[in-house]
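Fold and contact review
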Amino acid sequence: MSRFLAPAYHNLVPYTPGEQLNDRKYIKLNTNESPFPPAPGVCRVIDEGRMRSLNLYSDPALTALTGSLAESFGVSPKQVFCGNGSDDVLAFAIMAFCGKGGTLACPDISYSFYPVYADLFGVKLTQIPLAEDFTIRVSDYVGIGKNIVIANPNAPTGLSLSVKEVETIVASNPEHLVIIDEAYVDFSNDTCVSLLSRYDNLMVVQTFSKSRSLAGLRVGFALASEAIVEDLNKIKFSFNPYNINTLSITAASQAMREQAYYDECVAQIVAQREKTKKRLADLGFVLTDSKTNFVFASHPEKKAEMLYKALKERGVLVRHFNAPRIKDYLRITIGSEEQMEGFFAELTRIL
Ligand code: PMP
């Protein structure tokens, strides 16, 4: 630490991203990326002409991108806010609505970035324990009187609340914002977008990083009331007006026109997920009923940390969280057929 860091940040514990290693070729099943390339139309749209336009700033209003998202989701472009990955969107939202001294509640086992943002922005965070089976107890959030962020489906457990259950939480906290982080929602059937027309305290956050095969592009978005989006833009234009670059705007806008391709990719990942669950169960693993592009699995006899290390030595990366209650679990991203065969070959040898 230099002697210049502001005292407010001395105790900040940053988020730890999954390993992005280049020392050898890995079967990479650790950061929930798609095994499929972006849609062919998306690859074509970043052409030389687009590159040549990079002397100019990107559009700070993001007109093309918010327009194609609004059309896809049947909302007004004024209800769409975009960021440099959904992490950026979540950061803006927590900064804007929970701010210094504000409140935020989230499950104790969830996306580990929420507590980091809370700490960074001086938010009073309440972490609500999941039930023993890792489910979110809806009753814990009813009328809680705090802003709320819930990943649905949740990560790393993979479990999903129904739209009805989310509605119960949103309806019972009308004076507080409920952020539903739907990073993995395309692998389930539980999107809460339909609730937006009835609840002005709901924000739905999604990303291009998972089902749309564009993790490296860094684009995420929020759908919410026009007033909420106006507030988010107030913060954005006070911090980083050009938060998405021209190439990302172009590629993400095109991705929204390639739904058939992405539906097919999602169908293959979901089929592979169900197959993976069965094969892991046959090997003695205990699993949650994940509705995402990863599975969350524990072996009653083999320590997860040992499995993680042994897999890594053999060129397979999965995610292990050395955290209370989940240290016996591995989070394994669903890869291609070939990647999963490679994973199972190594896993079977280790076991
Ligand atoms: N929310 C959840 C629950 C996630 O798992 C992730 C991926 N790490 C994100 C948000 C952020 O994704 P991105 O910034 O790539 O959109």
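As shown above, the structure is provided for reference.
Residues numbered from 1 in each chain as written. Predicted model: local features only at pLDDT ≥ 70, side-chain atom pairs only at ≥ 80, totals over all residues. Heavy atoms only, no water.

Brief notes about the overall build of the protein
Along the protein, the regular secondary structure elements total eleven helices and 13 strands. For the protein, whose C-alpha radius of gyration is 20 Å, the value lies close to the compact-globule estimate of 20 Å for 351 residues. A principal-axis box enclosing the C-alpha atoms of the protein has dimensions of 55 × 50 × 50 Å. Looking at the 351 residues of the protein, the share that counts as buried comes to 52%. Here the analysis covers contacts within the protein between residues at least 6 apart in sequence; of these, 72% occur between residues at least 24 apart. Summed over its atoms, the accessible surface of the protein is roughly 16100 Å², and 53% of this surface lies on carbon and sulfur atoms. Within the protein, one finds 36 positive and 39 negative side-chain charges whose respective centroids are separated by 4 Å. (Helix = DSSP H or I, 4+ residues; strand = E, 2+ residues; numbered from the N terminus. Rg over C-alpha atoms; globule rule 2.2 N^0.38 Å. Buried < 20%, exposed > 50% of the residue type's maximum accessible area, 1.4 Å probe, protein only. Contact = heavy atoms within 4.5 Å. Areas by Shrake-Rupley, 256 points an atom, 1.4 Å probe, with all protein chains shown as cover. Lys, Arg positive; Asp, Glu negative; His and termini not counted. Charge placed at Lys NZ, Arg CZ, Asp CG, Glu CD.)

Observations regarding the site of the ligand
Around the ligand, the surrounding shell consists of Gly85, Ser86, Asp87, Tyr111, Asp181, Ala183, Tyr184, Thr207, Ser209, Lys210 and Arg218. A distance of 2.6 Å separates an oxygen atom of the ligand from a polar atom in the side chain of Thr207. Between Arg218 and the ligand, the recorded distance is 2.7 Å, taken from a side-chain N or O atom to an oxygen atom. In isolation the ligand has 400 Å² of accessible area, and contact with the protein removes 92% of it. Looking at the shell around the ligand, its residues break down into three nonpolar, four polar and four charged. (Near = heavy atom within 4 Å. Polar contact = N/O pair within 3.5 Å; in protein donor to acceptor, adjacent residues only side chain to side chain. Nonpolar A, V, L, I, M, F, W, Y, C, P; charged D, E, K, R; others polar.)

What about the sheet that holds strand β12 (residues 319–320)?
What the four strands build is an open sheet, ordered β9-β10-β13-β12; its pairing is antiparallel. The open sheet has two free edges, formed respectively by β9 (286–287) and β12, since each of these has just one partner strand. Across five bridges, strand β10 (residues 294–298) lies against strand β13 (residues 329–333) in antiparallel orientation. Among the inter-strand pairings, Val295 is bridged to a residue of β13, identified as Ile332. Packed on one face of the sheet, helix α10 (residues 304–313) meets β12 and β13 and runs near 40° to β13. (Pairing = 2+ DSSP bridges. Axes fitted to C-alpha atoms, helices over the stretch in contact; angles between N-to-C directions.)

Thoughts on the side chain of Ser68
Checked against the element boundaries, Ser68 lands in helix α3 (residues 63–73). When sequence neighbours within four positions are dropped, the list of residues in contact with Ser68 reads Ser253, Met256 and Arg257.

Comments concerning the pairing of strand β2 (residues 80–83)
Here β2 shows a buried face lined by Val80 and Cys82 and a second buried face lined by Phe81 and Gly83. Summarising the sheet, β2 and strand β8 (residues 220–223) pair through four bridges and their orientation is antiparallel. Bridge pairing in β8 places Val80 opposite Leu223.

Some thoughts on the pairing of strand β7 (residues 202–207)
Of all six residues that make up β7, six are buried, and the element is covered over most of its length. Every second residue of β7 is oriented toward a common face, with Leu202, Val204 and Gln206 on one face and Met203, Val205 and Thr207 on the other, all of them buried. For strand β6 (residues 178–181) and β7, the ladder comprises four bridges, and the chain directions are parallel. The partner of Asp181 across the bridge, within β7, is Val205. As paired elements, β7 and β8 share four bridges and run antiparallel to each other. Paired with Val204 across the bridge in β8 is Leu223.

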